[in-house]
Amino acid sequence: MKCRVCREPAVIDLKRHNANFCPEHFTRFCRDQVERTIAEFEMIAPTDRVLVAVSGGKDSLAVWDILMDLGYDADGLYVGLGIGEYSDISGRFARDFAAARDATLVGIDLTEDYGYDIPSGARAARRTPCSACGLSKRHLFDRAALDGGYDVVVTGHNLDDEAAVLFGNVMHWQTTYLGRQRPVLPARDGFPRKVKPLVRLSERETAAYCIVSGIDYLVDECPMAKGNKHLGYKEALNEIEVRSPGTKADFYFSFLRRAADRFTPDGAGGAEAEADADADGPGADGSDADGVGLRPCERCGAPTSAEICAFCRLLERAGGHLPDGVAVQVGQHRDRPGQDAPTEDVVS
Amino acid sequence: MMGPVLVRLRNPNREVTMPGPVLVSVLLDRLDVNRESVLVVRNGTIVPGDERLADDDVVEIRPVISGGAT
């Protein structure tokens, strides 16, 4: 098997591209794919300050590495989730990568800074661990980006992630979520811009990028993710992909080209999408509903469609506190401590 | 004395052996592993599907799907 570019021995075959690559040209291929994605979707301007959400896994380290190679001013953000040894090891991979590349890694520790961890927080809030984790990370990424003066938050979502989410949303016709599934979420109403530069690379490709680039990453997955429904979607899609290479990419990018606009508020399916948003309230992923009527959370100031944002409601149930040590209790408004407690329990 | 190809798998961690020589693609088929879901790694290097593994080779079948097993 020869490299498509230089005819030297190849280490990876990419069926959907009908191409094989040696390490050097595979690395270049990955960078080109990311560069093309950033340009096509206008994700990052050359002068932007970039904050990369880093988990210690292959995707986040790969995208951080590629962005730095492309010349972006990119810092990392690692959130310690308190998931036992898994968090200890993942943090070590993130810190080692940052040290090796002399990069800045911002750290947040849920247990130390907010007084809860994902396992206990999920139980207390009666959420799945993945739901509590996703909600926490989204809030903390937003906050860290705004507090740190970053222009854009980068996440390591890859083609398989996006195809699996799309598959799930189509299977259940989650029209509101279909309207939101874009590789770029523009900044608005106190939310930073969020982008996914890896959407043209599969998981197999990001893992291979790390190996050929000498990036050590945490191979073992989060122990709390076992049984995650998206894993089943990914396996189903890979069964199709191996028989029909290119199906995942076509599924996702054809959706973006031909269908996504139909589910946005401005598109053909806008009225339906808005109605669904109203009916659904907070998203199935635990986020506050997008759309009209955002206002500052009365406790933390984050934009929310409710009086108290979803993160602060989680914090309350988990017995946590905001970073300044103020305990969050039912009815206690952080910025108006003298007020009477509301008569309605805002925890849903 | 030569031994078989030693194959290390994850989720759960386990080892299996297979007589060499054997193509990587055949190895994955015999183990019923979807090639889209893994990389095969030998001595820190990715081994492509058409590579022939010899007796005494030690390879890792590394899952690439976030969130679960191979």
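See the structure above.
All of the points below concern the structure found in this document. Being a predicted model, the structure only gives us computed values, none of them experimental.

## Examining the overall build of chain B
So, point 1. For chain B, the count of helices and strands is one helix and seven strands.
So, point 2. Tracing chain B from N to C terminus, the helices and strands come up as β-β-β-α-β-β-β-β.
So, point 3. Taken over C-alpha atoms, the radius of gyration comes to 11 Å for chain B, in line with the 11 Å a tight globule of 70 residues would show.
So, point 4. The C-alpha extent of chain B, read off along each of the three principal axes, is 40 × 25 × 25 Å.
So, point 5. A burial count over chain B gives 51% of its 70 residues as buried.
So, point 6. Restricting the contact set of chain B to residue pairs at least 6 apart, pairs at least 24 apart contribute 56%.
So, point 7. Measuring between centres, the 8 positive side-chain charges of chain B sit 3 Å from its 10 negative side-chain charges.

## Digging into the overall build of chain A
So, point 1. Scanning chain A for helices and strands turns up 13 helices and 10 strands.
So, point 2. The burial tally for chain A puts 51% of its 348 residues in the buried class.
So, point 3. Put simply, of all contacts in chain A between residues at least 6 apart along the chain, 66% involve residues at least 24 apart.
So, point 4. Approximately 15800 Å² of chain A is accessible, and the part contributed by carbon and sulfur atoms is 49%.

## Remarks on the interface of chain A and chain B
So, point 1. Contacts between the two partners involve 27 residues from chain A, matched on the other side by 23 residues from chain B.
So, point 2. Taken together, the two surfaces of chain A and chain B that pack against each other cover about 2200 Å², and 55% of this comes from carbon and sulfur.
So, point 3. Per-residue buried area on chain A facing chain B is highest for R204(A), I211(A) and V219(A); these three make up 26% of the total on that side.
So, point 4. Summed over the shared surface of chain A and chain B, the number is three salt bridges.
So, point 5. Counting across the interface, chain A meets chain B through 10 residue pairs in polar contact (both at pLDDT 80 or more).
So, point 6. Considering every element that reaches the side of chain A that touches chain B, the biggest residue donor is helix α10 (residues 229–243) of chain A, with seven residues.
So, point 7. Looking at the side of chain A that touches chain B residue by residue, the class counts come to 13 nonpolar, one polar and 13 charged.

## What about the pattern of salt bridges?
So, point 1. Per the counting criterion, the structure on display carries 30 salt bridges over all chains.
So, point 2. One salt bridge in this structure joins K58(A) and D59(A), with 3.1 Å as the shortest N-O distance.
So, point 3. Residue D59(A) is classed as buried on the basis of its relative accessible area of 9%.
So, point 4. A network of salt bridges, in which partner residues are shared, links D13(A), K15(A), D160(A), R204(A), K248(A), R35(B) and E36(B).

## Side note on the sheet that holds strand β4 (residues 38–42) of chain B
So, point 1. Pairing within the open sheet is mixed, and its five strands lie in the order β2-β1-β7-β4-β5 (chain B). Edge positions in the open sheet fall to β2 (14–18) and β5 (45–46) of chain B, since each of these has one partner strand only.
So, point 2. One ladder, built from two bridges, connects β4(B) with β5(B); its direction is antiparallel. Following the sheet pairing, R42(B) is matched in β5(B) by T45(B).
So, point 3. On the sheet, helix α9 (residues 203–213) of chain A packs against β4, β5 and β7 (58–63) of chain B and is oriented at approximately 20 degrees with respect to β4(B).

## So, the sheet that holds strand β4 (residues 73–80) of chain A
All names here are of chain A.
So, point 1. Taken together, the six strands give an open sheet; going across it, the order is β5-β4-β3-β6-β8-β7, and neighbouring strands pair in mixed fashion. Strands with a single pairing partner mark the edges of an open sheet, and in this sheet they are β5 (105–109) and β7 (184–185).
So, point 2. Sheet topology places strand β6 (residues 152–154) next to strand β8 (residues 193–195); three bridges connect them, and they run parallel. Along β8, the bridge assignment pairs V153 with K194.
So, point 3. Packed on one face of the sheet, helix α3 (residues 84–100) meets β3 (49–54), β4 and β5 and runs near 165 degrees to β4.

## Some points on the nonpolar core
So, point 1. Formed by 48 residues in total, the largest nonpolar core has its most connected members in F26(A), I44(A), V50(A), V52(A), W64(A), L67(A) and L39(B).
So, point 2. Contact partners of I44(A), with chain neighbours within four places excluded, come to I38(A), V50(A), L67(A), Y72(A), V152(A), V154(A), R193(A) and V195(A).
So, point 3. If you look at the next biggest cluster of nonpolar residues, it comprises 38 residues, including C297(A), A302(A), F311(A) and L322(A).

## A closer look at the layout of surface pockets
So, point 1. Considering only enclosed or pocket space, the second largest pocket measures out at about 540 Å³ in volume.
So, point 2. Around the second largest pocket, the lining is made up of 32 residues, and of these L28(B), V33(B), N34(B), R35(B) and V38(B) lie nearest the centre.
So, point 3. Elements with a minimum of two residues in the lining of the second largest pocket: β1 (12–14) and α10 of chain A together with α1 (24–30) and β4 of chain B.
So, point 4. Residues of the lining of the second largest pocket, tallied by class, amount to 16 nonpolar, five polar and 11 charged.

Conventions and cut-offs
Residues numbered from 1 in each chain as written. Chains lettered and ligands numbered in written order. Predicted model: local features only at pLDDT ≥ 70, side-chain atom pairs only at ≥ 80, totals over all residues. Heavy atoms only, no water. Helix = DSSP H or I, 4+ residues; strand = E, 2+ residues; numbered from the N terminus. Rg over C-alpha atoms; globule rule 2.2 N^0.38 Å. Buried < 20%, exposed > 50% of the residue type's maximum accessible area, 1.4 Å probe, protein only. Contact = heavy atoms within 4.5 Å. Lys, Arg positive; Asp, Glu negative; His and termini not counted. Charge placed at Lys NZ, Arg CZ, Asp CG, Glu CD. Areas by Shrake-Rupley, 256 points an atom, 1.4 Å probe, with all protein chains shown as cover. Buried area = accessible area lost by both parts, 1.4 Å probe. Salt bridge = Lys/Arg side-chain N within 4 Å of Asp/Glu carboxyl O. Polar contact = N/O pair within 3.5 Å; in protein donor to acceptor, adjacent residues only side chain to side chain. Nonpolar A, V, L, I, M, F, W, Y, C, P; charged D, E, K, R; others polar. Pairing = 2+ DSSP bridges. Axes fitted to C-alpha atoms, helices over the stretch in contact; angles between N-to-C directions. Core = buried A, V, L, I, M, F, W, Y, C linked by side-chain atoms within 4.5 Å. 1 Å grid on protein atoms, 1.4 Å probe; cavity = no way out; pocket = protein on both sides within 12 Å on 5 of 7 lines; lining within 4 Å. Points joined across faces, edges and corners; volume = space filled by probe spheres on them.

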